[in-house]
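Given next are the chains, with one letter for each unit.
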Amino acid sequence: MRDVAIIGIGHTKFGRATKMSHELFSDATLQAMDDAGVELKEIEALFQGAALPGFEEGQVMPAAFSAADLNLGPIPATRCEGACASASVAIRDGAMWVGAGEYDMVIAGGVEKALMMGTSFASRTFAMACHAPTEGPVGLTFPGVFAMAARLYSINYDMPLDTVREKMASVSVKNHRHGALNPLAQFYKKLGDLKVEDVINSKFVADPITLLDCCPFSDGASALVLCSAEEARKYTDEPIYILGMGQGSGGPLSKMADLTKPVSRISSAKMAFKQAGLSPEDIDMLEVHDCFTIAELIALECMGFFDWGEAADATADGQTEIGGEIPVNMSGGLIGKGHPIGATGASQVYWVVKQMRGEAPRGNQIDPVPEYGMTDTLGGDFGTLCHFILGRSKK
Amino acid sequence: MVGKEREEMEKELKGYTVLTHAEYEEGIKEGKLLGLRCASCKKITCHPMPVCQWCSGRSLERTELSGEGELMTFTIIRVPAEGFEDDVPYIPCLVKTKEGPCVVGRLDYDAERASQVLISKQVKLSGAYTHKGDKFSGGTHTCPVFEVIG
């Protein structure tokens, strides 16, 4: 397969948007194209992550209308759906087509507009990414799934639940600290000095997950221009290369051997490391799917950055901060930056690229700029997992 | 002459499902946890799948589980999805059955008293919960309800 590079990136302000989804996606795409210095006529295909557009705006087939909104002509435009990992599925598919030699340049990204649905209906539609036949009638929600995982984490590692909750809270404190410094984040200038007690004492959504253990509902879009690596330097002096990609699938909760060790995530991360020829020790920074605080801990262990049961202490100890063993979610993550579910995977890649260019907001920028970065995106209750390993130079 | 006899094509139509999801739900309503026994590995699949959940075996026959098991984990939902407002607070749970497979259901327990010490307790099937469903659920659906027995 040919090497694939990211030559342009775009990202709307996350939070509440007045624009419609297609406008948000066009904003992110045009920004990415301007960043790359490419013209509309150079784009050969479009891959768009969008999880719930039918419920949000009564729109299915949004990718075709996005291509039309940008006057891209009759090029193939495909919606990719993997719940909260939709954009990562879109990026992976787009990169596959470029890697295969079918296209030289594509747009890949995602969009979501969830806030207008309100908490009750949004929770209903998000829960559609649970297993409808068995988890549907139970009334399981996503905070509920991760609450079950948090309780199991406490049992598996013989750590009192209150202790687990404190360590989980340190994820929220860290990610809000970084989100508050990020002008594109939903919680920019907000919650930057959150305390562990604030997280623990906020109201239960699904016991033991509190409101401040959760990421918010969000609107937003993010898009990338992907191009074959041999062409990339025609457009930019700083292409970022996709060195490894992984994707894994899970199933109903009841078929999982252990909620704290989802095989889909382990398998996807391994796939990405294998393709990149790298291991966790080589990676300088991560953007991981912290939809809930416990999710960040589980992600770090599944990806091999910490041993089983050790991400909790490491996080509370500052090992996932700048200067620690591996800085995680310097963008604010889903918790601080917001989580427009169809866009999140592209947003994660955007912030890794920003870090590698030395363009992350002051206070969040890692110095020296990272050589290798990695993203982790999760859809559903471990149903769809994607990983990307990015580098400033080719393998 | 090319083309296939339509009667022959009709005869070839067959389902691959030994136990449908609807039958599984009916079983729960009757107080039975139904599953499938694999002829290859002898293990039990529950909820039903078209192949064995352990070895992907294709030769399955219906069986009834004891309905007993161990509480693996649970949560107490305080902020529900639309349609579940009247149930709050309620307790989704994951139960590992005596026979091996895990099942997701509801735990019949006082939500204000439910705590971490419940985990690992023995539970048994004590009833069924049928949610009224909504425009998106394809009708009503039923899940098992468990109670703590020790």
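The following refers to the structure shown. All figures in this text were calculated on a predicted structure; none of them were measured in a lab.

Basis of the calculations
Residues numbered from 1 in each chain as written. Chains lettered and ligands numbered in written order. Predicted model: local features only at pLDDT ≥ 70, side-chain atom pairs only at ≥ 80, totals over all residues. Helix = DSSP H or I, 4+ residues; strand = E, 2+ residues; numbered from the N terminus. Rg over C-alpha atoms; globule rule 2.2 N^0.38 Å. Buried ≥ 20, exposed ≤ 12 C-beta atoms within 10 Å, placed from the backbone. Contact = placed C-beta atoms within 7 Å. Core = buried A, V, L, I, M, F, W, Y, C linked by C-beta atoms within 7 Å. Nonpolar A, V, L, I, M, F, W, Y, C, P; charged D, E, K, R; others polar. Pairing = 2+ DSSP bridges. Axes fitted to C-alpha atoms, helices over the stretch in contact; angles between N-to-C directions. Parallel < 35°, antiparallel > 145°, perpendicular 65-115°, else oblique. Left-handed = near helix turned anticlockwise from the far one by under 90°.

When its secondary structure is counted, chain B shows 2 helices and 9 strands. Taken from the N to the C terminus, the helices and strands of chain B come in the order α-α-β-β-β-β-β-β-β-β-β. For chain B, the C-alpha radius of gyration of 19 Å lies well beyond 15 Å, the compact-globule estimate for 150 residues. Across its three principal directions, the C-alpha atoms of chain B cover 75 × 40 × 25 Å. Counting over 150 residues, chain B shows a buried share of 36%. At a minimum sequence separation of 6, the contacts of chain B that also span at least 24 residues come to 48%.

What follows deals with the nonpolar core. All names here are of chain A. If you look at the biggest cluster of nonpolar residues, it comprises 173 residues, and the most contacted ones within it are Leu224 and Val225. In terms of residue count, the dominant contributor to this core is helix H7 (residues 142-156) (9 residues). Excluding its chain neighbours within four sequence positions, the residues that come into contact with leucine 224 are Ile6, Gly8, Ile9, Ala32, Ile91, Ala108, Gly109, Ala346 and Val349.

Listed by partner, the interface residues are 32 residues for chain A and 36 residues for chain B. Of all the secondary structure elements, the ones that give two or more residues to the side of chain A that touches chain B are helix H5 (118-126), helix H6 (132-135), H7 and strand E5 (204-207) of chain A. Tallying contributions element by element places H7 of chain A first for the side of chain A that touches chain B, with 7 residues. In the side of chain A that touches chain B, the residues fall into 17 nonpolar, 10 polar and 5 charged. Taken together, the 2 bridges between E5 of chain A and strand E5 (residues 76-77) of chain B define a ladder with antiparallel strand orientation. Considered in E5 of chain B, the bridge of aspartate 207 of chain A is made with isoleucine 76 of chain B.

We now examine the environment of alanine 114 of chain B. Residues and elements named next belong to chain B. Structurally, alanine 114 can be placed in the loop between strand E7 (102-107) and strand E8 (122-131). We classify alanine 114 as partly exposed; it has 18 C-beta atoms within 10 Å. Placed 40 residues apart in sequence, alanine 114 and phenylalanine 74 show a C-alpha to C-alpha distance of 9.3 Å.

The subject of this paragraph is the sheet that holds strand E4 (residues 105-113) of chain A. Residue and element names in this part refer to chain A. Strand order across the open sheet formed by 9 strands is E3-E2-E4-E7-E1-E8-E11-E10-E9, with mixed pairing between neighbours. The open sheet has two edge strands with one neighbour each: strand E3 (77-80) and strand E9 (285-287). Across the sheet, the axes of successive neighbouring strands diverge by a mean angle of 25°, strand direction being ignored. Sheet topology places E9 next to strand E10 (residues 372-379); 3 bridges connect them, and they run parallel.

Before going further, it helps to spend a moment on the environment of leucine 40 of chain A. Residues and elements named next belong to chain A. Take leucine 40: it is sitting in the loop between helix H1 (21-36) and strand E2 (45-49). When the C-alpha atoms of leucine 40 and glycine 73 are compared, they prove to be 9.3 Å apart, with 33 residues separating the residues in sequence. In this structure leucine 40 touches Leu70, Asn71 and Leu72, once residues within four positions along its chain are discounted.

With that settled, consider the packing of H7 of chain A against helix H12 (residues 293-302) of chain A. Helix-helix packing: each pair is described by the crossing angle between the helix axes and the interaxial distance. Residues and elements named next belong to chain A. Interaxial distance between H7 and H12 falls to 9 Å at its minimum, and their mutual angle equals 60°. With respect to H12, the element H7 is oriented oblique. Regarding H7 and H12, the two cross each other, and that crossing is left-handed. Contacts between H7 and H12 pair Phe146, Ala149, Ala150 and Tyr153 from the former with Ile294, Ala295 and Ile298 from the latter. Its residues placed into classes, the contact of H7 with H12 shows 7 nonpolar, no polar and no charged.

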